[in-house]
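Chain by chain, the residues run as shown.
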Amino acid sequence: LAKTTQPISMDSYEGQEVNITCSHNNIATNDYITWYQQFPSQGPRFIIQGYKTKVTNEVASLFIPADRKSSTLSLPRVSLSDTAVYYCLVAQQRLAFGKGNQVVVIP
Amino acid sequence: ETGVTQTPRHLVMGMTNKKSLKCEQHLGHNAMYWYKQSAKKPLELMFVYNFKEQTENNSVPSRFSPECPNSSHLFLHLHTLQPEDSALYLCASSQDIGSGGYEQYFGPGTRLTVT
């Protein structure tokens, strides 16, 4: 069972780029890496998913090195509304969200 | 709107009551999930269903009883709960669980309070 490790929390100023890291040393060959965002008292929301190299969508970018043992979610120019918990997920059959990374955007 | 609805949104029940949570997905997905999220704790996976068949029960107490009559509907039947069962209960769906990567779509959750 692949397990992920993330920093517990981080602060960032509004307008800055935020990079959130995740370690997944035991990732399996056919595992994808998925990131979710969760606001208080709401269900998590899918942000982005990738397998290797770089993936970009209208919300974020995901960078995955060649060994796939870690990944970095990049949020460009964050706003106050990006304050949330961000989860990195690596799973095959069993889904373990972990504690996530509380990101606080400061004015 | 994620395409996953949950009712009720809030529920207060006594320890001797029986109630049910309902989840419905309009995405044509084949897999559905129940999660529990207690205050300031990570999401805990409770049950997984794929094509109406339960594929995972994460050591959940028998006072929680899931039911999946079809791929679009998922229920969680509750009876003789304890105060520590108070939490946000989240339902999710995904296309399937067979591949290594799948997006989950979550409902808004049911805030359950056991008195």
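Data block above holds the structure.
Structure report, in brief. (Residues numbered from 1 in each chain as written. Chains lettered and ligands numbered in written order. Predicted model: local features only at pLDDT ≥ 70, side-chain atom pairs only at ≥ 80, totals over all residues. Heavy atoms only, no water.)

Digging into the state of the cysteines
All names here are of chain B.
- One pass over the structure, following the stated rule, counts two disulfides over all chains.
- Note that Cys-23 is cross-linked by a disulfide to Cys-91, the S-S spacing being 1.9 Å. Taking the sign of the torsion about the S-S bond as the criterion, the disulfide between Cys-23 and Cys-91, at about -75 degrees, is left-handed. Of this pair, Cys-23 sits in strand E3 (residues 18-25) while Cys-91 sits in strand E9 (residues 87-94), and the two are 68 residues apart along the sequence. Each member of the pair Cys-23 and Cys-91 is classed as buried.
- Lacking any disulfide linkage, Cys-68 is separated from the closest cysteine sulfur, that of Cys-91, by 9.0 Å. (Disulfide = S-S within 2.5 Å. Helix = DSSP H or I, 4+ residues; strand = E, 2+ residues; numbered from the N terminus. Buried < 20%, exposed > 50% of the residue type's maximum accessible area, 1.4 Å probe, protein only.)

Overview of the nonpolar core
- Trp-34, Phe-64, Leu-76 and Leu-78 of chain B are the most contacted members of the largest nonpolar core, which totals 22 residues.
- Among the elements of the structure, strand E2 (10-13), E3, strand E4 (31-37), strand E5 (44-50), strand E7 (64-70), strand E8 (73-79), E9 and strand E11 (110-114) of chain B are those that each provide at least two residues to this core.
- Filtering out sequence-adjacent residues up to four positions away, Leu-78 of chain B remains in contact with Leu-11, Met-13, Asn-17, Lys-18, Lys-19, Leu-21, Arg-63, Phe-64 and Leu-112 of chain B.
- In this structure, Ile-64, Tyr-86, Cys-88 and Val-90 of chain A belong to the second largest nonpolar core, which totals 20 residues. (Core = buried A, V, L, I, M, F, W, Y, C linked by side-chain atoms within 4.5 Å. Contact = heavy atoms within 4.5 Å.)

Thoughts on the sheet that holds strand E1 (residues 4-7) of chain B
Residue and element names in this part refer to chain B.
- Spatially, four strands are ordered E1-E3-E8-E7 in an open sheet, and the strand pairing comes out antiparallel. Both outer strands of the open sheet, E1 and E7, are each paired with one neighbouring strand and no more. Mean inter-strand twist for the sheet, computed between neighbouring axes without regard to direction, equals 20 degrees.
- In this structure, E1 lies alongside E3, joined through four bridges in antiparallel fashion. Paired with Gln-6 across the strands is Cys-23, a residue of E3. (Pairing = 2+ DSSP bridges. Axes fitted to C-alpha atoms, helices over the stretch in contact; angles between N-to-C directions.)

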